[in-house]
Amino acid sequence: MQQQVANTFALEEMARDELLGEPEGSVWQRVLASLVRDKAALFGALIVLAFVLVAIFAPLLAPFNPDTEFTNGLSVTGAPLAPNHHFVLGTDDLGRDLLSRLLYGARVSLIVGLLANGLAMIIGVTVGATAAYAGGWVATVLMRLTDIMMAFPVLLFAIALIAITSPSLTNIIIVIAILYWTTTARIIYGMVLSLKEREFVEAAHAIGASGFRTLFFYILPHLTSVIIVYTTLGVATTVLVEAALSFVGIGVQPPTPSWGNMINEAQSYYRADPWMMLFPGIAIVLTVLGFNLLGDWLRDTLDPVHSQLG
Amino acid sequence: MTAAAEPLLQIRDLKTYFPAGRTGPFGLTGEMRYVKAVDGLSFDIYRGETLGLVGESGCGKSTTGRTILQLIKATSGEVMYDGTNLVTLSKREMRRMRRDLQIIFQDPYASLSSRMRVSRIIGDPLTIHHVASGDKKRQRTGELLKIVGLSPSYARRYPHEFSGGQRQRIGIARALAVNPDFVVCDEPISALDVSIRAQIINLLEDLQREFGLTYLFIAHDLSVVRHICTRVAVMYLGKFMELAPSDDLYSHPMHPYTQALMSAVPVPDPDVEDSRRRIILSGDVPTPINPPSGCVFHTRCPLATEHCRAEVPAWRQLRPNHWVACHYAETPAAHAMESVALAAEGAGG
């Protein structure tokens, strides 16, 4: 939550700066050069790349079927196995291969990260832009609604919502989207509010462009860099929320592996077999770290005022 | 151009007020206050002419231009164009009218979206008004670029690849795309380098001749206005002080404010420049929230009397087509010198 607040401030700052200057020219080569120069960002980018590849190619990379309960996957006393030459990261309490489950778990995180976050962005941008552009009572209604949504304790609200419906991947995605569009809406609202006072928007009115056309073709293109940055940073949050929901048992349901429910299952074994908790934990930390590092760098890069690319 | 030509636009008692909060504590109670940006203007714009609009910054000249085009909603009054009152049109109806009424902006950097190619900037008006699409549109944008003196090959570029002067040409091409009758030129050269200004002025004049355009030319530079305008209106605090054919205004300025403005224009002749008498106005422009009573200029006018504080001067025609709003317009020159002399004495003593 604190991280999210910090992100919001940074983005609002960026939103302001975005309005002060315009990035110049196509910069892909310089972007790449800057990425190589910035070691932290490069690290983040590599993690994100690895994460995406793992998620896509999990079936090819996984040594075993993640749901198979191996009879030789448990010790004679029925306890999970430690990492060994056969099961590289060991096995879980049902004798399933931990590495395979971890790789497949990346798929859940990626799907939730992309879809929930994408949906949240769509809602947030729509609400924020509409409110700012329309103004008047539309803005009041939409932005007060945003404030109300922001006042809810997110995790409790998510638990309540899923308890009403039923835990499934689709529901998690929808619930996360419903909970996380608010910060985006706020940022976009502020940006559109100042963008619509700019002269090129008045020029759009002057040539007779409709409200929709003005908003969509004249204002929105100026928001792309903010949307890219915020989406990247948002994936980190979303992955965490999905893990949290799965951990408390209302997220992705077993036997489908998710990093959150893997940690949940590991709870009773954390003294005897700490790797069961350790590896999914590391996976979550690395993914969140990767997206945050990449997002921070994107923000610095796409921000024309502080950019070193100009 | 004879001033007796047919009016293209008739503006009657046009007012644009912006709400500026209430008078009471925390702006919660008390009377609603308004910034009177445009305060009751009535004038005609004749077909084919260039009407200059000059005044200090903040006097409402840009607001006047934008209100005529309904980019800012008028508080009251009429803007008659082609038999329709633009003020009462719905947004949708007004959008259709924009084909005929266009604007060129002051700042060629702010008025072009940095995320749009030139082809799109110029082509969008064609799409919106269903003038052309596809190949025809591409052809027309190329043509427009040529008209404003740019290469059609620039169509694929983004605005940041151009200089200020080139950008202003793009802005002009956008305004001309749909063949308008009337164009508001909102200080189109103020943001440009001095070396570029003449080029843009000449371009605007050429285009006017070629396409029979009518301009409302907003400026704060009197020398430019004299060069390009048929008639000139001098504005102060949302009101017209004087309106006259260019030459007449420059040879016989009748309003003390006009005279003060004229006296501030440097003359490119050292001898004349040395002997030039400057009328220095004291103080600042009063706030348009609470404009002075009577003649709005009385707080800074060297000739102001009790009469000026009490009564709003009538809008009078004192020479052919030469309108003035001043109680003492007939004898200002002598009066002014006297006052200046008195003021100088006062300051010296």
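For the structure itself, look to the data block above.
Presented here is an overview of the structure given in this document.

Each value, and the rule that gives it
- Residues numbered from 1 in each chain as written.
- Chains lettered and ligands numbered in written order.
- Predicted model: local features only at pLDDT ≥ 70, side-chain atom pairs only at ≥ 80, totals over all residues.
- Heavy atoms only, no water.
- Helix = DSSP H or I, 4+ residues; strand = E, 2+ residues; numbered from the N terminus.
- Rg over C-alpha atoms; globule rule 2.2 N^0.38 Å.
- Buried < 20%, exposed > 50% of the residue type's maximum accessible area, 1.4 Å probe, protein only.
- Contact = heavy atoms within 4.5 Å.
- Lys, Arg positive; Asp, Glu negative; His and termini not counted.
- Charge placed at Lys NZ, Arg CZ, Asp CG, Glu CD.
- Patch = residues over 30% accessible without salt bridge, like charges linked within 9 Å, V, L, I, M, F, W, Y side chains within 5 Å.
- Areas by Shrake-Rupley, 256 points an atom, 1.4 Å probe, with all protein chains shown as cover.
- Salt bridge = Lys/Arg side-chain N within 4 Å of Asp/Glu carboxyl O.
- Pairing = 2+ DSSP bridges.
- Phe/Tyr/Trp six-rings, centres within 6.5 Å; stacked < 30°, edge-to-face > 60°.
- Buried area = accessible area lost by both parts, 1.4 Å probe.
- Polar contact = N/O pair within 3.5 Å; in protein donor to acceptor, adjacent residues only side chain to side chain.
- Nonpolar A, V, L, I, M, F, W, Y, C, P; charged D, E, K, R; others polar.

1. What about the overall build of chain B?
Scanning chain B from terminus to terminus reveals 12 helices and 12 strands. In terms of overall size, chain B behaves like a compact globule, its C-alpha atoms giving a radius of gyration of 22 Å where 349 residues would be expected to give roughly 20 Å. Counting only C-alpha atoms and orienting by the principal axes, one finds that chain B spans roughly 75 × 60 × 45 Å. In chain B, which comprises 349 residues, the share counted as buried stands at 49%. The long-range fraction of contacts in chain B, counting pairs at least 24 apart against all pairs at least 6 apart in sequence, stands at 64%. Computed over 40 positive and 37 negative side-chain charges, the inter-centroid distance for chain B is 11 Å.

2. Remarks on the overall build of chain A
Looking only at helices and strands, chain A has 13 helices and 0 strands in total. Ordered by position from the N terminus, the helices and strands of chain A form the series α-α-α-α-α-α-α-α-α-α-α-α-α. Relative to its full complement of 310 residues, chain A shows a buried share of 50%. In chain A, once contacts between residues fewer than 6 apart in sequence are set aside, the share between residues at least 24 apart is 73%.

3. A short note on a nonpolar patch on the surface
All names here are of chain A. Together, Leu46, Leu49, Leu53, Ile56, Phe57, Leu60 and Leu61 give the surface a local cluster of nonpolar side chains, amounting to about 690 Å² of exposed area. Structurally, the position occupied by Leu60 is in helix 3 (residues 39-61). With a relative accessible area of 69%, Leu60 lands in the exposed category.

4. Description of the pairing of strand 1 (residues 7-22) of chain B
All names here are of chain B. As paired strands, strand 1 and strand 2 (residues 32-46) are joined by 11 bridges and run antiparallel to one another. If you follow Pro7 over to strand 2, its bridge partner there is Tyr46. Sheet topology places strand 1 next to strand 4 (residues 76-81); 5 bridges connect them, and they run antiparallel. Counterpart to Lys15 in the pairing with strand 4 is Ser76.

5. Some words on the sheet that holds strand 4 of chain B
Residue and element names in this part refer to chain B. One open sheet holds the 4 strands; their spatial order is 2-1-4-5, and the pairing between them is antiparallel. Looking at strand neighbours, the two that pair on one side only are strand 2 and strand 5 (84-85), the edges of this open sheet. Sheet topology places strand 4 next to strand 5; 2 bridges connect them, and they run antiparallel. Residue pairing across strands places Met80 opposite Asn85, the latter belonging to strand 5.

6. Observations concerning the packing of aromatic side chains
Enumeration according to the criterion identifies 14 aromatic pairs over all chains in this entry. Consider the rings of Phe51(A) and Trp259(A), whose centres lie 6.0 Å apart with planes at 55°: the pair is tilted. Of this pair, Phe51(A) sits in helix 3 while Trp259(A) sits in helix 12 (residues 259-266), placing them 208 residues apart in sequence. Judged by its relative accessible area of 4%, Trp259(A) falls in the buried class. Judged by centre distance (6.2 Å) and plane angle (40°), the ring pair of Tyr17(B) and Tyr34(B) falls under tilted.

7. Quick word on the pattern of salt bridges
Residue and element names in this part refer to chain B. Summed over all chains, the structure comprises 23 salt bridges over all chains. Note that Asp39 and Lys239 form a salt bridge whose closest N and O atoms lie 4.0 Å from each other. Note that Asp39 is positioned in strand 2 and Lys239 in strand 10 (residues 239-245), a separation of 200 residues in sequence. The class for Lys239 is partly exposed, based on a relative accessible area of 23%. Among the ionic pairs, Lys61 bridges to Glu187, the shortest N-O distance being 3.6 Å. Here the residue Lys61 occupies a position in helix 1 (residues 61-68), and Glu187 occupies one in the loop between strand 7 (182-186) and helix 6 (194-211), the gap between them amounting to 126 residues. Here Lys61 falls in the buried class, since its relative accessible area comes to 4%.

8. Looking at the pairing of strand 10 of chain B
Residues and elements named next belong to chain B. Burial runs high along strand 10: 5 of the 7 residues are buried. Relative to strand 10, strand 9 (residues 231-236) is paired through 6 bridges, and the arrangement is antiparallel. The partner of Met235 across the bridge, within strand 10, is Phe240. Pairing analysis gives 2 bridges linking strand 10 to strand 12 (residues 322-324), with the strands arranged antiparallel. Bridging from a neighbouring strand, Leu243 pairs with Trp323 of strand 12.

9. Considering the interface of chain B and chain A
With 25 residues of chain B at the interface, the matching set in chain A holds 22 residues. In total, about 2000 Å² of surface goes out of reach between chain B and chain A, with carbon and sulfur atoms giving 54% of it. On the chain B side of the contact with chain A, Arg115(B), Ile128(B) and His160(B) bury the most area, a combined 28% of that side's loss. Applying the counting rule to chain B against chain A returns 3 salt bridges. One salt bridge in this structure joins Arg66(B) and Glu202(A), with 2.7 Å as the shortest N-O distance. Joining chain B to chain A, the criterion identifies 10 residue pairs in polar contact (both at pLDDT 80 or more). Those elements giving two or more residues to the side of chain B that touches chain A turn out to be strand 6 (101-104) and helix 3 (118-128) of chain B. Looking at the side of chain B that touches chain A residue by residue, the classes come out as 9 nonpolar, 8 polar and 8 charged.

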